[in-house]
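Geometric and topological summary
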Amino acid sequence: MPRLTSDFWVSAYLRQAAFNGLVAVLRRRGAREAGAIFVKLDRLDGTAALYGPAPQALADDDGERRFQLILDADPLAIEDRVAREVRFDSDLWLVEIENRVGDPRLDIVES
C-alpha cells in the first residue's frame, strides 16, 4: 500500500494534535512527497525527545509511517541533533509538539 505524502501526513498530524488540545507546530518544511519526518516532543519540564523515521526493517508493509526514539535529553541536546540531521538531509520535516504527559502521538517501534 502506498504511503501518504509527507506534506499530507504532517498536515493531518498537526490537525489531530490541535483537535486533541495540544500545541504542535511545523518548524521546518521538507520535501513535499517523501521528505523524512522528525518530531520533537517537548514535555515542558526541561526534557525533550526526538523521534525519527523507523528503519524499513522495523516497519510493516502496510504503508503507515512508524517512528523510533532517536534521543531523549534536554532541549538543547535535541536542537543540536536536529541541526546535524538537517546538515545530513536538507529535505527533512520537523514538527514540534508540546505534551506534559510525554506522548508524541506517534506509531513507535522498539529498536
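Right above here is the structure, for reference.
Residues numbered from 1 in each chain as written. Predicted model: local features only at pLDDT ≥ 70, side-chain atom pairs only at ≥ 80, totals over all residues. Heavy atoms only, no water.

Moving on: the packing of aromatic side chains. All told, the structure shown has 2 aromatic pairs when counted by the stated rule. A centroid spacing of 5.3 Å and a plane angle of 40 degrees characterise the contact between Trp 9 and Phe 67, whose relative ring orientation is tilted. With a gap of 58 residues between them, Trp 9 in helix H1 (residues 6-19) and Phe 67 in strand S4 (residues 67-73) connect regions that are remote in the sequence. Each member of the pair, Trp 9 as well as Phe 67, carries the same accessibility label: buried. Joined through ring pairs, the aromatic side chains of Trp 9, Tyr 13 and Phe 67 make up one cluster. (Phe/Tyr/Trp six-rings, centres within 6.5 Å; stacked < 30°, edge-to-face > 60°. Helix = DSSP H or I, 4+ residues; strand = E, 2+ residues; numbered from the N terminus. Buried < 20%, exposed > 50% of the residue type's maximum accessible area, 1.4 Å probe, protein only.)

For the rest of this paragraph, the subject is H1. Since the α-helix turns once every 3.6 residues, residues separated by three or four places project in the same direction. Taking 1.5 Å per residue as the helical rise, H1 with its 14 residues ought to reach 20 Å, and the 20 Å between its terminal C-alpha atoms agrees with that figure. Turning to H1, its buried residues are Ser 6, Trp 9, Val 10, Tyr 13 and Ala 17. Burial along H1 is one-sided: seen end-on, the buried residues are contained in an arc of 95 degrees. With respect to the buried face of H1, the exposed residues turned more than 90 degrees away are Phe 8, Arg 15, Ala 18 and Phe 19. Contacts from the buried residues of H1 go to strand S1 (23-28), strand S2 (37-42), S4 and strand S5 (93-98). In the stretch just after H1, Gly 21 is the one whose phi turns positive, near 80 degrees. (Expected span 1.5 Å × (residues − 1). Arc of directions from axis to C-beta. Contact = heavy atoms within 4.5 Å.)

In this structure, Trp 9, Tyr 13, Ile 37, Val 39, Phe 67, Ile 97 and Leu 106 are the most contacted members of the largest nonpolar core, which totals 16 residues. Looking at this core, the elements that each hand over two or more residues are H1, S2, strand S3 (48-53) and S5. Sort the elements by how many residues they give to this core and H1 lands first, with 4 residues. (Core = buried A, V, L, I, M, F, W, Y, C linked by side-chain atoms within 4.5 Å.)

Before going further, it helps to examine the pattern of salt bridges. Enumeration according to the criterion identifies 10 salt bridges in this entry. In this structure, Glu 79 and Arg 27 form a salt bridge, with 2.8 Å as the shortest nitrogen-oxygen distance. Separated by 52 residues along the polypeptide, Glu 79 in helix H2 (residues 75-88) and Arg 27 in strand S1 bring together distant segments of the chain. A salt bridge links Arg 32 to Glu 33; its shortest N-O distance comes to 2.9 Å. Salt bridges sharing common partners tie together Arg 27, Lys 40, Glu 79 and Glu 96. (Salt bridge = Lys/Arg side-chain N within 4 Å of Asp/Glu carboxyl O.)

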